[in-house]
Amino acid sequence: MKHVLNSQGISLVEVMVAMVISGIALMGTLGAVEISSRYAQQTVMNSQALELAQGRLEVKRSIRWQLLLEDDLDRDGIAETPMTDDGTGIDVTPGDGIYSAMYEQNGITVVWTIETDHPGPLSATSMVRIRAMATYLGRNKEKREVQMATMRANPSYVGQP
């Protein structure tokens, strides 16, 4: 006797197996999308931190020497963030010739410093080092940072008398 299989439809077991396989494939795809989304967010934060640090350097390179230790962060014409060398806040040692200030924006903390070539008034220094550092929390809550620095010469410095 010849046995003939009846192929008039799909059994419930076959449908369930197909659904399980499709579900596993979909979960893998969603996991990959979630991971790539987290990496994309990390890249955005890194780019914003870099832009904020670079912006601070550009401001400090472009303003008049006499205004180097003042910051107008809201661009209203009034300097509201003076840089200090008094040993308070983020300035560790008073009178060391390193002036500092900071602000926070969108979860990114920006700290910038101006370091004179020797302690004393800014007008008596020939050159300063300007540094900007932006820190933020990474995807695993680890601290991430970007740093940039440049030098700037005092345009009115004539040397030691």
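Please refer to the structure higher up on the page.
This structure is a prediction, so every number in the text was calculated from the model and none was measured.

1. Things to note about the overall build of the protein
Item 1. When you go through the protein residue by residue, the secondary structure sums to one helix and six strands.
Item 2. For the protein, the α and β elements follow one another from N to C terminus as α-β-β-β-β-β-β.
Item 3. Relative to its length of 161 residues, the protein is extended, with a C-alpha radius of gyration of 29 Å against a globular reference of 15 Å.
Item 4. Here the C-alpha coordinates of the protein stretch approximately 120 × 30 × 25 Å along the principal axes.
Item 5. Taken across its 161 residues, the protein has 25% of its residues classed as buried.
Item 6. When contacts within the protein are restricted to residue pairs at least 6 apart in sequence, those whose partners lie at least 24 apart make up 41%.

2. A short note on the packing of aromatic side chains
Item 1. One pass over the structure, following the stated rule, counts one aromatic pair.
Item 2. An angle of 65° between the planes, with centres 5.6 Å apart, marks the rings of Tyr 103 and Trp 112 as edge-to-face.
Item 3. For the cation-ring pair, Arg 56 lies above Trp 112, with the distance from its terminal atom to the ring centre recorded as 4.9 Å.

3. A short note on helix α1 (residues 12–62)
Item 1. With 51 residues, α1 extends 74 Å from end C-alpha to end C-alpha; this agrees with the ideal 75 Å at 1.5 Å per step.
Item 2. Those residues of α1 lying buried are Gln 42, Ala 49, Leu 52, Ala 53, Arg 56, Leu 57 and Lys 60.
Item 3. On the buried face of α1, the contacting elements are β1 (70–71), β3 (98–105), β4 (108–116), β5 (127–137) and β6 (143–153).

4. Quick look at the nonpolar core
Item 1. In terms of nonpolar packing, the biggest core is built from 22 residues, with Met 83, Ile 108, Val 110, Trp 112, Ile 114, Val 128 and Ala 134 touching the most fellow members.
Item 2. When residues of this core are traced back to their parent elements, those giving at least two are α1, β3, β4 and β5.
Item 3. Contact partners of Ala 134, with chain neighbours within four places excluded, come to Ala 49, Ala 53, Ile 108, Thr 109, Val 110, Arg 144, Glu 145 and Val 146.

5. Focus on the sheet that holds β5
Item 1. Read from one edge of the open sheet, four strands run β3-β4-β5-β6, paired in antiparallel fashion. At either margin of the open sheet sits one strand with a lone partner, and together these are β3 and β6. Shown here is a sheet whose adjacent strand axes are inclined to one another by a mean of 15°, direction ignored.
Item 2. Note: β4 against β5, eight bridges, orientation antiparallel. Following the sheet pairing, Val 110 is matched in β5 by Ala 134.
Item 3. Sheet strands in contact with α1 are β3, β4, β5 and β6, and its direction is about 20° off that of β6.

6. Some points on the pattern of salt bridges
Item 1. Summed over the entire model, instances satisfying the criterion amount to four salt bridges.
Item 2. Arg 56 serves as the salt-bridge partner of Asp 71, at 2.6 Å between the closest nitrogen and oxygen. With Asp 71 in strand β1 and Arg 56 in helix α1, this residue pair connects regions lying 15 residues apart in the sequence. Accessibility assignment for this pair places Asp 71 and Arg 56 in one class, buried.
Item 3. When the shortest N-O distance is used, the salt bridge between Glu 58 and Arg 61 registers 2.2 Å. Of this pair, Glu 58 and Arg 61 both sit in helix α1, three residues apart, which is roughly one turn of the helix.
Item 4. Note on Glu 58: relative accessible area 36%, which makes it partly exposed.
Item 5. In the salt-bridge network here, residues are joined through shared partners; they are Arg 56, Lys 60 and Asp 71.

About the cut-offs
- Residues numbered from 1 in each chain as written.
- Predicted model: local features only at pLDDT ≥ 70, side-chain atom pairs only at ≥ 80, totals over all residues.
- Heavy atoms only, no water.
- Helix = DSSP H or I, 4+ residues; strand = E, 2+ residues; numbered from the N terminus.
- Rg over C-alpha atoms; globule rule 2.2 N^0.38 Å.
- Buried < 20%, exposed > 50% of the residue type's maximum accessible area, 1.4 Å probe, protein only.
- Contact = heavy atoms within 4.5 Å.
- Phe/Tyr/Trp six-rings, centres within 6.5 Å; stacked < 30°, edge-to-face > 60°.
- Lys NZ or Arg CZ within 6 Å of the ring centre and 35° of its normal.
- Expected span 1.5 Å × (residues − 1).
- Core = buried A, V, L, I, M, F, W, Y, C linked by side-chain atoms within 4.5 Å.
- Pairing = 2+ DSSP bridges.
- Axes fitted to C-alpha atoms, helices over the stretch in contact; angles between N-to-C directions.
- Salt bridge = Lys/Arg side-chain N within 4 Å of Asp/Glu carboxyl O.

Function cannot be read off these values alone, since they describe shape.
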